[in-house]
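Below, each chain spelled out in residue letters.
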Amino acid sequence: MWRFSHRYPFLISDQNGLRNTIRPFKSIHFCTTTTNEIHEISWEISNFLGHDNWKSFMASSDIPMKLNPEVVRFVLHQNQVADPKRLLDFFNWSTSEMGITQNLDSFSILVVLLCNSNLFGPASRLLRQMIGTHSVSCLLVLDSVLCSFRNRSGSNPVVFDILIDSYTKMGMLGEAANVFLGAKSGHIMPSLRCCNDLLKDLLKGNMMELFWKVYNGMQDAKMGFDLYTYTTLVGAHFKVGDVKGAKRVLYEIREKGCNPSLFIYNKVIDGMCRVGAIAEAIELKRSMFEIGLVPDTYTYSVIINGLCKIRKLKDAKLLLEEMKLTGLKLNETYLALIDGFLKEGNIDEVLQVKNEMVCCGMRLNLSTYNMLIHGVCKYGKMEKALEIFNEMIRIGCKPNSQTYSCLIKGFCQEHDIGRVYELLCDMESRSMVPTVETYCTIIHGMCQHNDLSRANGFLGEMVAKGLKLNVVIYRSLIMGYAREGRVEEAKRILEEMSDKGVAPDIFCYNPIITCLSRAGKMEEVKACFTEILGRGLTPDAVTYGAFICGYSRVGRMQEAATYFNEMLDRRLMPNNLIYTVLIDGHFKAGNVMEAFATFQCILALGVLPDVQTYSVFINGLSRCGKIKEAIEVFSEMKEKGLVPDVVCYSSLISGFCQKGEVVEAFQLYDEMHREGVDPNIFIFNALIDGLCKSGNIKRARKLFDGISERGFKLDNVSYSSMIDGYCKCGNLMEAFSLFDEMLSKGVEPHSYVYNSLLCGLCKEGDMERALKLFREIEQKGFATTLSFNTLIDGFCKAWKLQEANQLLQEMTDKQIEPDHVTYTTVIDWHCKAGKMEEANKLFLEMQDRGLMPDVVTYTSLMHSYSKLQKTSEAFTLFEGMLAKGIKPDEWTYNIMIDAHCKEDNLVEAYKLRDEILGDKGNCL
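No experiment lies behind these values; they were computed from the predicted model shown.

Caption draft 1: Broad picture of the overall build of the protein. Counting its secondary structure elements, the protein contains 53 helices and 2 strands. For 924 residues, the compact-globule estimate of 2.2 N^0.38 gives 29 Å, and the protein exceeds it by more than 25% at 47 Å. Residues counted as buried form 49% of the 924 residues belonging to the protein. Partitioning the contacts of the protein with sequence separation of at least 6, the portion at a separation of at least 24 is 60%. About 45,200 Å² of surface is accessible on the protein, with carbon and sulfur atoms providing 52% of the total.

Caption draft 2: The nonpolar core, seen in detail. With 303 residues, the main nonpolar core has Ile 45, Phe 90, Ile 653 and Ile 723 as its most contacted residues. When residues in this core are grouped by element, the largest group, 9 residues, is from helix H7 (residues 104-116). Those residues in contact with Ile 45, other than ones at most four positions away along the chain, are Met 58, Ile 63, Leu 67, Val 71, Val 75 and Phe 90.

Caption draft 3: The arrangement of the side chain of Thr 822 in detail. Tracing the chain through its elements places Thr 822 in helix H48 (residues 820-832). A polar atom in the side chain of Thr 822 sits 2.8 Å from the side chain of Asp 819.

Caption draft 4: Geometry of the packing of aromatic side chains. Applying the stated criterion to the full structure yields 35 aromatic pairs. Taking the centre distance of 5.5 Å and the plane angle of 70° together, the rings of Phe 739 and Tyr 754 count as edge-to-face. Of this pair, Phe 739 sits in helix H43 (residues 732-744) while Tyr 754 sits in helix H44 (residues 751-764), and the two are 15 residues apart along the sequence. Counting every residue linked through ring pairs, the aromatic cluster contains Phe 211, Trp 212, Tyr 215, Phe 225 and Tyr 230.

Caption draft 5: Focus on the packing of helix H5 (residues 69-78) against helix H6 (residues 84-98). At a minimum axis separation of 11 Å, H5 and H6 run at an interaxial angle of 175°. Taken together, the axes of H5 and H6 are roughly antiparallel relative to one another. Residues Pro 69, Val 72, Val 75 and Leu 76 of H5 touch H6, and the partners they reach there are Leu 87, Phe 90, Phe 91, Ser 94 and Met 98. Residues of the contact of H5 with H6, tallied by class, amount to 8 nonpolar, 1 polar and no charged.

Caption draft 6: Geometry of helix H38 (residues 646-658). Along its 13 residues, H38 runs 18 Å from first to last C-alpha, staying within 8% of the 18 Å computed at 1.5 Å per residue. Among the residues making up H38, those that are buried are Cys 648, Tyr 649, Ser 650, Ser 651, Leu 652, Ile 653, Gly 655, Phe 656 and Cys 657. Buried positions along H38 lie against helix H36 (611-623), helix H37 (627-639), helix H39 (662-675) and helix H40 (681-693). Looking one or two residues beyond H38, the residue adopting positive phi is Gly 660, at roughly 80°.

Caption draft 7: Geometry of the pattern of salt bridges. In the structure shown here, the tally under the stated rule is 44 salt bridges. Here Glu 636 and Lys 640 are joined by a salt bridge, their closest N and O atoms 3.5 Å apart. A salt bridge links Arg 849 to Glu 817; the shortest N-O distance between them is 3.7 Å. Placement of Arg 849 in the loop between helix H49 (836-848) and helix H50 (855-867) and of Glu 817 in the loop between helix H47 (801-813) and H48 is noted, with a sequence separation of 32 residues between them. Judged by relative accessible area, Arg 849 falls into the partly exposed class, the value being 31%. Within the structure, one salt-bridge network assembled from shared partners comprises Asp 161, Asp 165, Arg 193 and Asp 197.

Caption draft 8: The arrangement of the confidence of the model for the protein in detail. On average, residues of the protein score 84 in pLDDT, and 95% of them reach the 70 mark or higher. Here residues 1-31 is modelled with pLDDT under 50, and outside its nearest four sequence neighbours on either side it reaches 53 contacts, counting other chains as well.

Caption draft 9: Seen up close, unusual backbone geometry. With phi around 60°, Arg 571 is a residue other than glycine that occupies positive phi space. Summarising the element assignment, Arg 571 is placed in the loop between helix H33 (557-569) and helix H34 (576-588). Taking the relative accessible area as the measure of exposure, Arg 571 reaches 77% and is therefore exposed. In this structure, Asp 904 is a non-glycine residue whose phi angle is positive, near 60°. Within the element layout of this structure, Asp 904 appears in the loop between helix H52 (890-902) and helix H53 (906-923). Exposure remark for Asp 904: the relative accessible area of 64% places this residue in the exposed category.

Caption draft 10: Here's a closer look at the packing of H43 against H44. Two elements in contact, H43 and H44, have axes whose closest approach is 11 Å; the angle formed by their N-to-C orientations is 155°. Here H44 runs roughly antiparallel to H43, going by the angle between their axes. Between H43 and H44 the crossing geometry is left-handed. Contacts between H43 and H44 involve Leu 732, Ala 735, Phe 736, Phe 739 and Met 742 from the former and Val 753, Tyr 754, Leu 757, Gly 760, Leu 761 and Glu 764 from the latter. A class-by-class count of the residues in the contact of H43 with H44 yields 9 nonpolar, 1 polar and 1 charged.

Caption draft 11: Spotlight on the environment of Lys 832. One can find Lys 832 in helix H48. It is 86 Å that separates the C-alpha atoms of Lys 832 and Tyr 439, two residues lying 393 residues apart in sequence. Not counting chain neighbours up to four residues away, the residues in contact with Lys 832 comprise Trp 799 and Ser 864.

Caption draft 12: Geometry of the state of the cysteines. This model, assessed by the stated rule, comprises 0 disulfides. In this structure Cys 549 is a free cysteine whose sulfur lies 14 Å from that of Cys 515, the closest cysteine sulfur available. Accessibility expressed as a relative area gives 6% for Cys 549, which makes it buried. Cysteine Cys 692 shares no disulfide, and the gap to the nearest cysteine sulfur, in Cys 729, comes to 8.1 Å. According to the relative accessible area criterion, Cys 692 is buried, its value standing at 10%.

Procedures and definitions
Residues numbered from 1 in each chain as written. Predicted model: local features only at pLDDT ≥ 70, side-chain atom pairs only at ≥ 80, totals over all residues. Heavy atoms only, no water. Helix = DSSP H or I, 4+ residues; strand = E, 2+ residues; numbered from the N terminus. Rg over C-alpha atoms; globule rule 2.2 N^0.38 Å. Buried < 20%, exposed > 50% of the residue type's maximum accessible area, 1.4 Å probe, protein only. Contact = heavy atoms within 4.5 Å. Areas by Shrake-Rupley, 256 points an atom, 1.4 Å probe, with all protein chains shown as cover. Core = buried A, V, L, I, M, F, W, Y, C linked by side-chain atoms within 4.5 Å. Polar contact = N/O pair within 3.5 Å; in protein donor to acceptor, adjacent residues only side chain to side chain. Phe/Tyr/Trp six-rings, centres within 6.5 Å; stacked < 30°, edge-to-face > 60°. Axes fitted to C-alpha atoms, helices over the stretch in contact; angles between N-to-C directions. Parallel < 35°, antiparallel > 145°, perpendicular 65-115°, else oblique. Nonpolar A, V, L, I, M, F, W, Y, C, P; charged D, E, K, R; others polar. Expected span 1.5 Å × (residues − 1). Salt bridge = Lys/Arg side-chain N within 4 Å of Asp/Glu carboxyl O. pLDDT = per-residue confidence, 0-100. Left-handed = near helix turned anticlockwise from the far one by under 90°. Disulfide = S-S within 2.5 Å.

Written out as structure tokens, the structure reads:
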């Protein structure tokens, strides 16, 4: 008592042991009444209540005008009538007369009186009324009831059970638990039945913190638990996956001298199976025999069902055989086994179990047949599905629309339209009208097989039958048109559905957006996005994915990154495809750091990149020459249990070959073989190119000759690499032999092959043959700046400067832009020939074209002027070079030092020498 009065100091007691509730109170039709007046009115009312026609006496008196809640409370407290039913009638009558709610204490006094007379039904209703009309804390309600309970000696404590039950039935589980805890603090314990019900409801409501508080309170009070308590306790342990805790409950029951029932064993076994502890469940089943319990149908069924869920179907089947030997019924157990084999796709086993059921005299119902047909159709075993369908009709089991829908869906997936029509006719012959769902299945199937004409035919049939088209049907048509790239028709369907009052969802827009994105029509994609937002739809991961992939493919990485960040802000999880395309886009745009950041973002979000993402990342790093980083990512990928594919190996091997690290490339090639990854033509081409560049032509040719034997077709890259290798080592005979072979096999050469041959001829000084080949290149449209540069360099080295000048003019005439290499080559050889006027003219022409001379260009001119004793011109060029920010090389410095020495400018010469030494020191 002290606890409650201390907690709520505004609740005090008078000298008679009654609590006065100090609340502001005033009725509209009666005045404040003194204590003496309350006593007088109460005695008068009590006298009237002694008569059966008390209401008539009350009505004929002035009592109705004198009534107030305190008067009613005093009447109930005095209890002069000793008839709780009459007091309840008076309570209700006075409430109606006053038009206001009774005092909390009046409710409590009357509830206690009703319970003391075993009138539990009226007491329960009155408590619910009390809780509903008084918006006060449950502890205030409890305190009121507790005071009334203690003011009546010999009161029935069941009132606290009813109070807790009332809160529970009104869905106020938290309050019910707090009433229990409050009552326990007041040394009042509700019954075990009440506590068990409260625990069960708290468990059901997932209010586990309060559950354990109530349970611990019961333990503190040393309540004797029954099997119902223990059963609920088992359920609580399994709620959080605590198998050990549930098993402890069984041990606790035994320690207290009780024998656990079959029911509680089944409860524990069921919980174990639900959390995946199947082995422990089986062991517990075995231990049941030791205490004289025999597993029943439920015991076996839950374990078999658990085994089926974890795909241990052989063990489940063995347990079913054991169950048969015990003579238990197997109906539901067979269904669990059928479901397990269906999920595994083992149709033969499914049919075997079904036949076994029939042999055991079990009659399959419609639900079982539908499950069988649905599962068999799912795996495309349509003939088997028809056999089951015919069997069910043969035994008199009538199919329903679900049966036909499963079959129709299966035949739609097989694109067997004839059978679909047969089933529709069969439905009509049985007076079954195809539902909207059936038509949805058919139209979706047609669209998946790109049979849009038939899909539209069924759509027309639906309209003719007066069936209402829904968003699912329109969505299927939109997806069908979008899949074929017919985006305008897809947009027309979208407009049509809006016109017919069917609101499109985000899944209707996504196929259109994806289709437009693949076509690179990003402005139209943005227009669709605006429309989506205008309709109040929320873009999902697919919507953003279309934006990100579309912008990445067209190289607009800033926009792609913007939508990617917006996607993350909306807490939408990108899939691996989005990451892969985004990373690839960043690499292609040269944004290596952005690619790294995106990859790190994947890991930070806890997403495991798939093999394709890793392949793109490794390929990007290899292309950028970051082969060390690529190998680190490759190793990380393998550590995470992912198996590298041929693309990963191809990227790394190509990267090593480009850097001239052929040994490392072949080590990876050997690793591929060990891991069972078959190489492709790209890997062989990379290895051939790497060997050729490292000068190992013999091994390259051996690998080249073995490609056809491995089942691969030599392509223009294979031939290009070998031809270029032969040209670089001066073996033009083999180079042209391969070129002729290439043409004879129908492999079309590209500009790289021609440039390699052209370079080889020029290197050998065979300019006549080189020019002839060049004209052939021109005719084929392969002539590039590189081709001209190669031939110009060849003529210059053969001291045929006139022909070189003609080629330079020819480039201008044919609108092929010369580059700084073209001009530097011609200028250098004119300088070597002492034709400085022509060289200087070319130097000025070069700059007029907007081409920047480099250190080689300047050095060639300065060297020639120095040789001709024209040091002033050399000095002028040197100053101009420095003014343009072009850094001299060692050869330039040597020329200028020599020129200053010739002019006796030793100070300047030494200054330049110190600059050279300073640069070398910095390098060191």
